[in-house]
Amino acid sequence: MSSSIQGARSGSTANSLRAPSFRLGERIVIGLLFGAAAISVGVTIAIVISLFAPLPGFFEYVNPWDFLTGTLWAPSFADASFGVLPLVAGTLQVVFYAMLVGIPLGLGAAIYLSEYAGNGVRKIVKPILEVLEGLPTVATGLFAVFWLKPWIQESTPFLEWTSPFSIGVAGLTVGIITIPLIASVSDDAMRAVPMALREGAYALGATKMRVALKVVLPAAISGIVASFVLGASRAIGETMVVLLVAGGGSPQLKIGFTEPAGAMTAFIASRATGEIATGTIDYYSIFAVGALLFLMTLIMNMIAIRFVNKFREVYD
Amino acid sequence: MENNNKVAGNEVFSLSNMSVHYGESLAVDGVNLPIYENEITAMIGPSGCGKSTVLRSLNRMNDLIPGAKVGGQVLYHGQDMYGPEVDPVQVRKLIGMVFQKPNPFPKSIYDNVAFGPQTLGMKGDMDEIVEGALKKAALWDDVKDRLKDNAFGMSGGQQQRLCIARAIAVKPDVILMDEPCSALDPISTFKIEDLMMELKKDYTIVIVTHNMQQAARVADRTAFFTVDTERGEGSRVGQLVEFDETSKIFSNPADSRTLDYVTGKFG
Ligand SMILES: Nc1ncnc2c1ncn2[C@@H]1O[C@H](COP(=O)(O)OP(=O)(O)O)[C@@H](O)[C@H]1O
Ligand SMILES: [Mg+2]
């Protein structure tokens, strides 16, 4: 018996630990997959470099401090001024109004989906949310210009509606766009809360509402906050709606609801038309605003990732 | 016949011909079981024979599982627990539960215990309620200096005693325990067993355990469940084989399957 085992070991390759072939096909596929990963990283790096490369040119003309704290944005005036705050204020107002809509509706939808909806409802509502998330924002923008803005204007005669544009309506519209994102990320966070926690609360005589609000919501809070940050970051980046609904805006810093206002994205989209001459201050200013926008979004997303990781630590 | 027969108190639960379906599949069937006041009743039997299923039907925890359906009759102090007017939330206020894996809320130790009393809007000084419950759960001395710390920082045994404290803080009538020691070390297990002996003065306790020594140590009466093998291939329906005083189940059971199980020949 034992001799036959030994014979098999030495005499044939049946027990060899070496690979039977070079597995060329597998190596090629791995190479292609690596190439795909490398290209996407490479392109991202190239975008960041192209965004930041023109900055020295810009700051040759403009003092960085004046750029960050100036309250007049008039790059094409004869007496040009490059204070970015009016654009930043426009962007932040969009974010503010957007969160006014996105947080309560997105979170409400998430609580409903995660804690109340049956499987049947979920199966219908989740895909609808995903479709909404992918809806071209220009369509949402048109809806806002021709339907939402007139309707809000009519229902609020006590506000001073003097312009066809409104930063407030733009923000609320962007808020609608963020609802699916906030709802779906918050829903995932709440569904990740172990059933055992809910059962622990039910076993104490808690109602469904109390379980949802006092146990699941606090347990999922990092994921929920992350969804808010992602929503805000989406609002910062939104361009089309702001361009359509808030208009170009005045060069001055303005805070309000019914005024037109520029935002960082909308400025870039309206100026970077291809006619613009490379190396001019106009050209540089686009990149300066773009780089600032990139940094703001990056910071927001890093905050969101931190929250999500903190959430994971608790239950993994 | 031994003459150490226990005098049975009031029946807290009376199960007659009780069954549970999960969707189409029958999990347990034909359970007839009384559970007496201020006693510890143990449920033992091989894995998958429906012990947890029966336990969870005693406080309508099964309502949370889509498709779960209880048949037959479950009386609680003579009331039909699955009657149309019964509110499951009300049921669970009276019948608390401790789970297999400690499941404290991700809150402070204090807030974990206070959650139930706050839920029920209990009157009285919350600090006193929390202290009382922690003392009853033999946890007060361990945690009195760190009530504001997160419960996740406690050891597994402490977490489980916290879950017991949380359950008794609402002053229930019954405490159901589903393998409460299965995730714990022997020392924590003994602490919880001591605690159960102490608690049965005030509460009725039903415990599921896979640990026969534990049933023998703590339970006044024991119910032995198994999978019914006479229902044909492929079906795995749990059934109650025998229910009696614990000493009888372990020394002189009426059914040979019980004897095989408690002597370790099976399961
Ligand atoms: N949530 C559930 N959904 C479907 N089947 C279940 C569920 N919980 C338990 N079962 C089934 O019911 C039977 C009894 O399970 P359980 O009560 O957990 O047994 P035990 O606690 O004795 O190990 C098993 O066959 C199990 O697969
Ligand atoms: Mg079980």
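Figured I'd write up the structure that's included with this text. The shown structure was predicted, so the numbers you read here are calculated from the model rather than taken from an experiment. As a convention, each chain's residues are numbered from 1 in the sequence order in which they are written. For naming, the first written chain is A and the first written ligand is 1, with later ones following in the order written. Local features in this predicted model are restricted to residues whose pLDDT is 70 or higher, and side-chain atom pairs enter the listing and the counts only when it is 80 or higher, whereas totals over whole chains, interfaces and linings include all residues. Note: side-chain values were computed over all heavy atoms of the structure, leaving out hydrogens and water.

Re the overall build of chain A
- Working definition: helices are DSSP H or I runs of at least four residues, strands are E runs of at least two. Numbering for both runs from the N terminus. Each helix and strand in chain A was counted, giving 14 helices and 2 strands.
- We compute the radius of gyration from the C-alpha atoms alone; for a globule the expected value is 2.2 Å times N to the 0.38, where N is the number of residues. Taking 20 Å as the expected radius of gyration for a compact globule of 316 residues, we find that chain A reaches 27 Å, considerably beyond that expectation.
- By principal-axis analysis of the C-alpha atoms, chain A measures approximately 100 × 60 × 35 Å.
- A total of 316 residues make up chain A; the buried ones form 43% of that total. For every residue, the accessible area (1.4 Å probe, protein chains only) is compared with the maximum for its type, and the residue is labelled buried under 20%, exposed over 50%, or partly exposed between those bounds.

Description of the overall build of chain B
- Counting its regular elements, chain B contains 10 helices and 10 strands.
- Summarising its shape, the C-alpha atoms of chain B cover approximately 55 × 40 × 35 Å along the three principal directions.
- Relative to its full complement of 267 residues, chain B shows a buried share of 55%.
- A separation of at least 24 residues holds for 70% of the contacts in chain B among residues at least 6 apart in sequence.
- The protein chains shown are the only cover counted for residues, whose accessible areas, like all others here, come from Shrake-Rupley with a 1.4 Å probe. When the accessible surface of chain B is summed, it comes to about 11,700 Å², and 48% of that surface belongs to carbon and sulfur atoms.
- Counted charges follow a simple rule, with Lys and Arg positive, Asp and Glu negative, and His plus the chain ends left uncounted. Each charge is placed at NZ for Lys, CZ for Arg, CG for Asp and CD for Glu. Charge-centre separation for chain B: the mean point of 28 positive side chains lies 4 Å from the mean point of 36 negative side chains. Whether two residues are in contact is decided by their heavy atoms, any of which lying within 4.5 Å being enough.

Some words on the site of ligand 1
Residues and elements named next belong to chain B.
- Neighbouring residues are identified by heavy atoms, a residue being near a molecule or strand if any of them is within 4 Å of it. All residues in the neighbourhood of ligand 1 are listed as Tyr 22, Ala 27, Ser 47, Gly 48, Cys 49, Gly 50, Lys 51, Ser 52, Thr 53 and Ile 65.
- Note that an oxygen atom of ligand 1 is positioned 3.3 Å from one of the backbone N or O atoms of Cys 49.
- Within 3.5 Å is the distance limit for a polar contact, defined as a pair of N or O atoms, with the added protein rule that one can donate a hydrogen and the other accept it, and that residues adjacent in sequence qualify only through two side-chain atoms. Ser 52 is positioned such that a nitrogen or oxygen atom in its side chain is 2.7 Å from an oxygen atom of ligand 1.
- Protein contact buries 62% of the 550 Å² of open area that ligand 1 shows by itself.
- Considering each element in turn, the shell around ligand 1 owes the most residues, 3 residues, to helix H1 (residues 51-56).

Side note on the packing of aromatic side chains
- Note on ring pairs: Phe, Tyr and Trp rings are taken, using the six-membered ring of Trp, and paired if centres are within 6.5 Å. Classes follow the plane angle, with under 30 degrees stacked, over 60 edge-to-face and the rest tilted. For the coordinates displayed, the defined rule picks out 18 aromatic pairs over all chains.
- Consider the rings of Phe 58 of chain A and Phe 67 of chain A, whose centres lie 5.2 Å apart with planes at 75°: the pair is edge-to-face. Each member of the pair, Phe 58 of chain A as well as Phe 67 of chain A, is classed as buried.
- Both rings, one in Phe 59 of chain A and one in Phe 67 of chain A, keep their centres 5.8 Å apart while their planes meet at 75°; by these two values the pair is edge-to-face.
- What links up through ring pairs into an aromatic cluster is the set Phe 58, Phe 59, Phe 67, Trp 73, Phe 82 and Phe 267 of chain A.
- Residue placement shows Lys 208 of chain A over the ring face of Tyr 116 of chain A; its charged tip is 5.7 Å from the ring centre.
- A positively charged side chain is recorded as over a ring if its NZ (Lys) or CZ (Arg) lies within 6 Å of the ring centre. The angle to the ring normal must also be within 35 degrees. Above the plane of the ring of Tyr 110 of chain B lies Lys 148 of chain B, whose end atom (NZ or CZ) is 4.2 Å from the centre.

Observations concerning the interface of chain B and chain A
- With 24 residues of chain B in contact, the opposing surface of chain A contributes 19 residues.
- A quick way to say it: buried area is the sum, across both parts, of accessible area lost when two parts are put together, with a 1.4 Å probe. When chain B packs against chain A, close to 1,700 Å² is buried across both sides, 69% of that on carbon and sulfur atoms.
- The working definition used for a salt bridge is a side-chain nitrogen of Lys or Arg within 4 Å of a carboxyl oxygen of Asp or Glu. A salt bridge links Arg 56 of chain B to Glu 199 of chain A, with the shortest nitrogen-to-oxygen separation between them at 2.8 Å.
- In this structure, the connection of chain B to chain A is made through 4 residue pairs in polar contact (both at pLDDT 80 or more).

Notes on unusual backbone geometry
Residues and elements named next belong to chain B.
- Located in the positive-phi region is His 77, a residue other than glycine, with phi close to 45°.
- Note on placement: His 77 falls in the loop between strand E4 (68-76) and strand E5 (79-80).
- You can call His 77 partly exposed: its relative accessible area is 34%.

As for the packing of helix H6 (residues 156-168) of chain B against helix H7 (residues 186-199) of chain B
All names here are of chain B.
- Across the interface, H6 lies against H7 with an axial gap of 9 Å and an inter-helix angle of 20°. Considered as vectors, H6 and H7 are oriented roughly parallel to each other. In this structure, H6 meets H7 at a crossing whose hand is right-handed. Contact with H6, carried on its side by Gly 157, Gln 160, Arg 161, Ile 164 and Ile 168, involves Ser 188, Lys 191, Ile 192, Leu 195 and Leu 199 of H7 and no other residues of that element. Every axis in this analysis is a line fitted to C-alpha atoms, fitted for helices over the stretch in contact. Angles between the N-to-C directions lie between 0 and 180 degrees. Should an angle fall under 35 degrees it is taken as roughly parallel, and over 145 as roughly antiparallel, whereas 65 to 115 is taken as roughly perpendicular and any remaining angle as oblique. In this scheme the handedness of a crossing depends on how the near helix is turned from the far one: anticlockwise by less than a right angle means left-handed, clockwise means right-handed.

A look at the side chain of Glu 199 of chain A
- The residue Glu 199 of chain A is located in helix H9 (residues 195-202) in this model.
- A relative accessible area of 12% places Glu 199 of chain A in the buried class.
- Beyond its immediate sequence surroundings of up to four residues, Glu 199 of chain A is in contact with Arg 56, Met 61, Leu 64 and Phe 99 of chain B.

A few points about the pattern of salt bridges
- Under the definition given, this model contains 18 salt bridges over all chains.
- The partner of Glu 193 of chain B in a salt bridge is Arg 217 of chain B, and the shortest N-O contact between them spans 2.6 Å. Taken together, the residues Glu 193 of chain B in helix H7 and Arg 217 of chain B in helix H8 (residues 212-218) connect sequence positions 24 residues apart.
- Given the relative accessible area of 40%, Arg 217 of chain B is considered partly exposed.
- Note that Arg 257 of chain B and Asp 255 of chain B form a salt bridge whose closest N and O atoms lie 3.1 Å from each other.
- Among the residues examined, Arg 257 of chain B registers a relative accessible area of 33% and is labelled partly exposed.
- Linked by salt bridges that have partners in common, Arg 122, Lys 126, Asp 187 and Asp 188 of chain A make up one network.

Digging into helix H11 (residues 221-237) of chain A
Residue and element names in this part refer to chain A.
- Every helix has an expected span of 1.5 Å times one less than the residues it contains. Taking 1.5 Å per residue as the helical rise, H11 with its 17 residues ought to reach 24 Å, and the 24 Å between its terminal C-alpha atoms agrees with that figure.
- Taken across its 17 residues, H11 has 12 buried, putting it largely inside the fold.
- Of the positions making up H11, those classed as buried are Ser 222, Gly 223, Ile 224, Ala 226, Ser 227, Phe 228, Val 229, Gly 231, Ala 232, Ser 233, Ala 235 and Ile 236.

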